[in-house]
4 protein chains.
Amino acid sequence: MVIVMNEQATEDQVEKVIAALTQKGYDAHRSTGTTRTVIGVVGASKSPLDPREFEIMPGVHEVVKITEPYKLAGRIFKPEDTIINIGDIAIGGRAIVLMAGPCAVESEKQLDIIAASVSRYGARLLRGGAFKPRTSPYAFQGLGEEGLKHLRKVGDRYGMAVITEVMDTSQIELVARYADILQVGARNMQNFTLLKDLGRIRKPVMLKRGLSATIQEWMLSAEYIMAGGNHDVMFCERGIRTFENFTRNTMDISAIPIIKKISHLPIIADPSHGTGLRDKVIPMARAAVAAGADGIMVEVHHEPEVALSDGPQSLYPEQFAEMMAQLRIIAPAIGRTV
Amino acid sequence: MVIVMNEQATEDQVEKVIAALTQKGYDAHRSTGTTRTVIGVVGASKSPLDPREFEIMPGVHEVVKITEPYKLAGRIFKPEDTIINIGDIAIGGRAIVLMAGPCAVESEKQLDIIAASVSRYGARLLRGGAFKPRTSPYAFQGLGEEGLKHLRKVGDRYGMAVITEVMDTSQIELVARYADILQVGARNMQNFTLLKDLGRIRKPVMLKRGLSATIQEWMLSAEYIMAGGNHDVMFCERGIRTFENFTRNTMDISAIPIIKKISHLPIIADPSHGTGLRDKVIPMARAAVAAGADGIMVEVHHEPEVALSDGPQSLYPEQFAEMMAQLRIIAPAIGRTV
Amino acid sequence: MVIVMNEQATEDQVEKVIAALTQKGYDAHRSTGTTRTVIGVVGASKSPLDPREFEIMPGVHEVVKITEPYKLAGRIFKPEDTIINIGDIAIGGRAIVLMAGPCAVESEKQLDIIAASVSRYGARLLRGGAFKPRTSPYAFQGLGEEGLKHLRKVGDRYGMAVITEVMDTSQIELVARYADILQVGARNMQNFTLLKDLGRIRKPVMLKRGLSATIQEWMLSAEYIMAGGNHDVMFCERGIRTFENFTRNTMDISAIPIIKKISHLPIIADPSHGTGLRDKVIPMARAAVAAGADGIMVEVHHEPEVALSDGPQSLYPEQFAEMMAQLRIIAPAIGRTV
Amino acid sequence: MVIVMNEQATEDQVEKVIAALTQKGYDAHRSTGTTRTVIGVVGASKSPLDPREFEIMPGVHEVVKITEPYKLAGRIFKPEDTIINIGDIAIGGRAIVLMAGPCAVESEKQLDIIAASVSRYGARLLRGGAFKPRTSPYAFQGLGEEGLKHLRKVGDRYGMAVITEVMDTSQIELVARYADILQVGARNMQNFTLLKDLGRIRKPVMLKRGLSATIQEWMLSAEYIMAGGNHDVMFCERGIRTFENFTRNTMDISAIPIIKKISHLPIIADPSHGTGLRDKVIPMARAAVAAGADGIMVEVHHEPEVALSDGPQSLYPEQFAEMMAQLRIIAPAIGRTV
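Residues numbered from 1 in each chain as written. Chains lettered and ligands numbered in written order. Predicted model: local features only at pLDDT ≥ 70, side-chain atom pairs only at ≥ 80, totals over all residues.

## Considerations on the overall build of chain A
We apply this condition: Each helix is a run of DSSP H or I of at least 4 residues and each strand a run of E of at least 2, with the numbering of both proceeding from the N terminus.
Within chain A, the secondary structure is distributed over 11 helices and 14 strands. Dimensions of chain A along its principal axes, counting C-alpha atoms only, are 75 × 45 × 40 Å.

## Notes on the sheet that holds strand β13 (residues 267-269) of chain A
All names here are of chain A. For clarity, the threshold we go by: A strand pair is defined by DSSP finding two or more bridges across the two strands. Every axis corresponds to a line fitted to the C-alpha atoms, with the helix fit spanning only the stretch in contact, and the corresponding angles, defined between N-to-C directions, vary from 0 to 180 degrees. For the purpose of contact definition, each residue receives a C-beta atom placed from its backbone, and two residues are in contact when these atoms lie within 7 Å.
Spatially, β7-β8-β9-β10-β11-β12-β13-β14 is the arrangement adopted by the 8 strands of the closed barrel, whose pairing is parallel. Across the sheet, the axes of successive neighbouring strands diverge by a mean angle of 25 degrees, strand direction being ignored. Sheet topology note: the strand β12 (residues 233-237)/β13 ladder contains 3 bridges and is parallel. Bridging from a neighbouring strand, Glu237 pairs with Ala269 of β13. With respect to the sheet, helix α8 (residues 255-262) is in contact with β12 and β13, its orientation differing from that of β13 by roughly 170 degrees.

## Topic: the pairing of strand β14 (residues 295-299) of chain A
Residues and elements named next belong to chain A. Which entries qualify depends on this criterion: Here a residue counts as buried when 20 or more other C-beta atoms sit within 10 Å of its C-beta, as exposed when there are 12 or fewer, and as partly exposed otherwise, the C-beta atoms being derived from the backbone.
Of all 5 residues that make up β14, 5 are buried, and the element is covered over most of its length. Summarising the sheet, strand β7 (residues 97-101) and β14 pair through 5 bridges and their orientation is parallel. Of the residues in β14, the one forming a bridge with Val97 is Gly295. Where β13 meets β14, 2 bridges bridge the pair, whose relative direction is parallel. Bridge pairing in β14 places Ala269 opposite Ile296.

## As for the interface of chain A and chain D
Put simply, the rule is: Here the nonpolar group is Ala, Val, Leu, Ile, Met, Phe, Trp, Tyr, Cys and Pro; Asp, Glu, Lys and Arg are the charged ones; every other residue, Gly included, is treated as polar.
Across the contact, 30 residues belong to chain A and 30 residues belong to chain D. Residue contributions to the side of chain A that touches chain D peak at 7 residues, all from helix α10 (residues 278-291) of chain A. Among the residues making up the side of chain A that touches chain D, the classes are represented as 17 nonpolar, 9 polar and 4 charged.

## Concerning the packing of helix α3 (residues 108-121) of chain A against helix α11 (residues 317-330) of chain A
In a pair of packed helices, the angle between the axes and the distance between the axes together describe the arrangement. All names here are of chain A. Heads up, the rule is: For classification purposes, an angle smaller than 35 degrees is called roughly parallel, one larger than 145 roughly antiparallel, one from 65 to 115 roughly perpendicular, and anything else oblique. Handedness of a helix crossing follows the sense of rotation of the near helix relative to the far helix, less than a right angle counterclockwise being left-handed and clockwise being right-handed.
Direction vectors running N to C along α3 and α11 enclose 15 degrees, while the axes themselves pass 9 Å from each other. In terms of orientation, α3 lies roughly parallel with respect to α11. As α3 packs across α11, the resulting crossing turns out to be right-handed. Contact residues: α3 offers Ser117, Val118 and Tyr121, while α11 offers Pro317, Phe320, Ala321 and Met324. Split by residue class, the contact of α3 with α11 holds 6 nonpolar, 1 polar and no charged.

## Some thoughts on the relation of the copies chain A and chain D
Note the following rule: The copies were overlaid with a least-squares fit restricted to C-alpha atoms from residues scoring a pLDDT of at least 70 in each copy.
In the superposition of chain A on chain D (RMSD 0.0 Å, axial shift 0.0 Å), the rotation amounts to 180 degrees. These values place the two chain copies in the arrangement generated by a two-fold rotation axis. Residues of chain A ranked by C-alpha distance from the rotation axis are headed by A:Ala287, positioned 2.0 Å from it.

## A few points about the relation of the copies chain C and chain D
Placing chain C over chain D gives an RMSD of 0.1 Å and needs a rotation angle of 180 degrees, together with 0.0 Å of translation along the axis. A share of 100% of the interface residues of chain C reappears at the interface of chain D, consistent with the copies meeting face to face through the same patch.

## Quick notes on the packing of α3(A) against helix α4 (residues 145-157) of chain A
All names here are of chain A. Viewed as axis vectors pointing N to C, α3 and α4 meet at an angle of 35 degrees, and their least axial separation amounts to 10 Å. Viewed along their axes, α3 and α4 form a crossing whose handedness is right-handed. Contacts from Glu108, Leu111, Asp112 and Ala115 in α3 reach His150, Leu151, Lys153 and Val154 in α4. Split by residue class, the contact of α3 with α4 holds 4 nonpolar, 1 polar and 3 charged.

## What to know about helix α10 (residues 278-291) of chain B
All names here are of chain B. So the rule is basically this: The length a helix should cover is 1.5 Å for every residue beyond the first.
Its 14 residues give α10 an end-to-end C-alpha distance of 20 Å, which sits within 8% of 20 Å, the value for a rise of 1.5 Å per residue. Most of α10 is tucked away, with 13 of its 14 residues classed as buried. Phi turns positive one or two residues past the end of α10, at Gly292, with a value near 115 degrees.

## Some points on the domain arrangement of chain A
Going by this rule: Domain extents, as shown, originate in an automatic or database domain assignment.
The domain architecture assigned to chain A consists of domain 1 (2-64) and domain 2 (84-334). One C-alpha centre belongs to domain 1 of chain A, the other to domain 2 of chain A; they are set 45 Å apart.

## Regarding α11(A)
Inclusion rule: Think of the arc as the fan of directions from the helix axis to the C-beta atoms.
Helix length check: α11(A) (14 residues) gives 20 Å between terminal C-alpha atoms against 20 Å at 1.5 Å per residue, within 8%. The complete set of buried residues in α11(A) reads A:Phe320, A:Met323, A:Gln326, A:Leu327 and A:Ile330. Relative to the axis of α11(A), the buried residues are bounded by an arc of 125 degrees and lie together on one face. Seen from the open side of α11(A), the exposed residues pointing more than 90 degrees away from its buried face are A:Glu318 and A:Ala325. Packing partners of the buried residues in α11(A) comprise β7, α3, α10 and β14 of chain A together with α10 (278-291) and α11 (317-330) of chain D.

## Remarks on the pairing of strand β10 (residues 181-184) of chain D
All names here are of chain D. Quick reminder of the rule: Here, the term right-handed applies to a crossover whose path from the first strand over the helix to the second runs clockwise when the strands point away from the viewer.
Neither face of β10 is left uncovered, since the one carrying Ile181 and Gln183 and the one carrying Leu182 and Val184 both have all their residues buried. Pairing geometry for strand β9 (residues 161-165) and β10, over 3 bridges, is parallel. Along β10, the bridge assignment pairs Glu165 with Gln183. Alignment of β10 against strand β11 (residues 205-208), held across 3 bridges, turns out to be parallel. When the sheet's bridge partners are listed, Leu182 is paired in β11 with Val205. Between the parallel pair β10 and β11, the chain is carried across by helix α6 (residues 192-198), and the sense of this crossover is right-handed.

## Quick notes on the interface of chain C and chain D
Between chain C and chain D, the contact holds 36 residues from the first and 36 residues from the second. Every element with two or more residues in the side of chain C that touches chain D is listed here: α2 (51-55), α6 (192-198) and α7 (215-227) of chain C. In terms of residue count, the dominant contributor to the side of chain C that touches chain D is α7(C) (5 residues). Its residues placed into classes, the side of chain C that touches chain D shows 14 nonpolar, 10 polar and 12 charged.

## A word on the sheet that holds strand β12 (residues 233-237) of chain C
Residue and element names in this part refer to chain C. Spatial strand order, β7-β8-β9-β10-β11-β12-β13-β14: 8 strands in a closed barrel with parallel pairing. Sheet twist, expressed as the average angle between the axes of neighbouring strands with direction ignored, equals 25 degrees. Relative to β12, strand β11 (residues 205-208) is paired through 4 bridges, and the arrangement is parallel. The residue of β12 that forms the bridge with Leu207 is Phe235. Across the face of the sheet, helix α8 (residues 255-262) comes into contact with β12 and β13 (267-269) while running at roughly 170 degrees to β13. Across the sheet, helix α10 (residues 278-291) is in contact with β13 and β14 (295-299); its angle to β14 comes to roughly 170 degrees.

## Examining the environment of C:Val14
All names here are of chain C. By the element assignment, Val14 lies in helix α1 (residues 11-23). Between the C-alpha atoms of Val14 and Ile296, which are 282 residues apart in sequence, the distance is 53 Å. Each residue touching Val14, except ones within four places of it in the same chain, is listed here: Met5, Ala9, Thr37 and Gly59.

## So, the confidence of the model for chain A
The condition that has to hold: One number per residue, pLDDT, summarises how confident the predictor is, and it ranges from 0 to 100.
Per-residue confidence for chain A gives a mean pLDDT of 91; residues scoring 70 or more make up 95%. In the predicted assembly, ipTM is 0.85 and pTM is 0.86.

## A closer look at the environment of D:Arg202
All names here are of chain D. Note that Arg202 resides in the loop between α6 and β11. Taking the number of C-beta atoms within 10 Å as the measure of exposure, Arg202 has 9 and is therefore exposed. Spatially, the C-alpha atoms of Arg202 and His231 are 8.6 Å apart, while their sequence positions differ by 29 residues.

## A short note on the environment of D:Asp270
All names here are of chain D. Tracing the backbone shows Asp270 in the loop between β13 (267-269) and α9 (271-275). Sequence separation between Asp270 and Val281 is 11 residues; the distance between their C-alpha atoms is 8.7 Å. The contacts of Asp270, once residues within four sequence positions are left out, are Cys236, Glu237, Arg238 and Met297.

Shown next, in the form of structure tokens:
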């Protein structure tokens, strides 16, 4: 942190700022220029500082944070890429992984039909919601444990790993019994109780970006999980909320190269939620891979027009096949494979 | 819902849309114009319809929702204002209520000093966080049950009702034992598990607006609580996230008259979080009252410079007194009192 | 500007940064801490520095700007309030001024009916568009010079000053011939050619905030006009673009106390465009006055249902009267009059 | 437009809505359901309707627009792709075009060095600002006509077409004398006077998206130019303003497939302004091509650290070469070439 004093700041005001820092256990490093004084806050940080506490002190012009508030999730802490292994699937390695399946698990039969086709075309992970967060209390809320059982059974049948959402601390134990990766939904990205409890398990977690979460807040939510001891965290960009309402959300493709630079954790892209429109899913999946994503998660349904949720953003199985063919052409441009 | 067909839509396409509606248990009301056909969806709604399901059917130009997805929270369901009574405090009545206290409960002594002054100046409810949602896992997380005990004891001492945040389903029973109103924080506005469980208790709930929540989503989150049987819900506007970063959030004052029109539930304004800057709290409290808010919640601290959280947005007790004096002048402009 | 070096930065990297600063004519003030080096950029600034130029130099951790880029528009340059006088009207003084009239000038008769009533109820300035910026090329574009003549004639008849929009440099001379204040619309806030040319005239300018303009960009646009020699500039908050679409725009009421603090220029609030909904105009006008606005601009029409533009956000004359009565109650809360 | 009446709407209210429509020259098509009445607005539209005019009539529940407000820019008007030819360069054809050059023209020598390298690596158009829109009045404003002369001379030397910005109506004639494509900057996207005047010339125009412009507003700005008779318009996505401030803007890659679907006009992507960070330019250029862009515009500078503007987002020539190599791998995935 750097504290910049006013040009008119008195010696007394400067000393009070330094005293406040010292009292909080920080070293203050003063440098007096010709026109103003700048105080650098150095040394070990024992407790986090709120810059605004200093902004309101007399004589202070501006306060600037200079250290990232995250540690474990950052590349400075761990320069090499984290690779998360689930059986023979390596997330974050050279191969881009595909996660596909229906928005919601509706029945074992539905799941079987979809898994059969997407696994044939190259998907390694099966997705599907058993617990569904729905904006309206009157919408379909998921099959619960029955859905988890279908996921596990069908995943095993086709040699696929299973990823599904956990909505609340009370569901962690249950979901972890069936799933290989636990997904935290966008609306729960800052459900800190849930994040803390996920830090105590030993299964990978996929953390979706909140609708209005900055990249720094997203990093800090990963930090919550990692601080508990669970370092197998991957991000998932799924669109942010902006003024544009042509698409359901605005997919922030630039978050992909940013995360790859500041963090060692893998990042997945979800163009189904990112756009909400079936015919935009494939172009955005291509864009995400071209930008450097470690994986793609898409919703696929054999009969989207009768799907219980999000049918309009689900691909048909043959579209999924077409998408895979295109991604295979693009991946070598950045030294990767699909 | 109204389904507008393309000008080139065939008779067969129109009939397929009608068949899909009928199959889902809706009545389709067709009206054929000179250039295009419009299908009105009328009758009783058994299950919610996703407009996008119809948008992707051949021949469909556009689908428009015409009924609000909320019921219990809307003025159509209940035209007269809801008044929530806590002892002799009536929230939503003619008198505007003031909720004040520190951001976080730090000790009984701290709380006592603050409560003594704000109650003297007219605050009827004592606020203070015992469980704190913090963006960083390394920040102060609250005193937990000890904080709740302080709140109850000090509140009783000064004849104040007590409001505090509940962060997770597992805390409901505990928090409800001490508090008069349970607060749902902005980051939990769409924690649907928590909302559902709050629907089962019989204590009032204050629902803060999510950082990027539309007014309709906010109404639906209230609906979640009410659908469970708990109708004592009040809203709290606390700023939304925009591109402007001069303030911590952009307080959406217009949400106040909007909620007052579409809902019968009370709405409180929180200018402390709405702006994040002490010297903007009083002007925005005045604006909120002028716009029709049923109450104001502010953070007050006798020593904000040493507060464990959010000191820079906390008022000094004497500023609280000054604010009260100004609000007393403004309230009569809209036929109310402070 | 403060340049913060990495903890691992080499002596050579530090020296290159200092050399780059020196070459650009700045004094670099180095302070070496135990863990890192911080370089303060002091001395007279000859040309503006782009912080990003330094961010990309090897060894640099972060660059922070510490001086506001505006000068003439800031309170540091001129601590006392600017009062803009037009005849006996003082904008920015103790009395809050009211500007009212139709969205677009449609005829002399229309303008006369509206001006007669709003002036009777206390409006001192007559507003009305002669040149209309319309999103669609197929919408009504205004009466042009004929409209300006109506404005001047009717304004003089009722002793009102006249404010109207100028859309392009080529219109300045014409508009300035008839109007007392020239208005720059939101979509032109960064039309720098227009701003520069307005700096050369000697008539007051009202600068509306752009739909996605930060407060700092808004200040800099005022700076463009002032740098040309025209210091009679007032701001107008008229709503920003956010994700919320219940209202046409989200009126940023907090911009009012912010501008009052950082600038000496007056600020007007326009709740008609700020909300786009007639029944939200009065609550938001009350809020703006309570927050400290120096004036209110509203659209008033005696027959809004047949208005050529923006009828749905125009007040009826009797609503204008009601609003004035409420504002008269609120103004004393902040030591002002209406 | 479809007008949905309240369930309680009276026969008289329905008739008044129909009368208002008839008076404005529209045909009203009434369909009375069991619970409510819906009125379809059909027939030829003589003047644009403001839906809000009807929303405020008694008995009206909601009004929905069903026809796009643009015509000439839409695919319905012209289903086949528009290809804009400049000499032997075809924008919007099978080959993806590259536009490259410095942010601002600084000297003929600077331009020559840059043009020599980018043309060798495959750029067909030379970009460079002669008139620069700058947020601060104290920043470098461009070389003016001298810069235009350099552009033309250097462009001709390397067989490149020339694109540069026109900031005001008064500059059109001058810029058109030297440039092959006139660029409208983001801040001028709704400078309607400028758009209208560009409709009268016969040179292609590249229309950048405004910082907070919806796709529909962007289409309408293109419509302004086309309505004047100039149909050679291309779009340029350059990032929108959101809450995320890690990047300068948030590049909306999904706008590319959307524009390709609803419009026949070409779309170019500008990852330099879209991200503002050099190391994000190449990933985003790859993403834009993968999503279907017809061209890429990037800033290239041989000495970005001494560039007079936007150095930090400019590529080095060798990075441009690397980018071209990657784009050549990606283009075939969507049946195109670079």
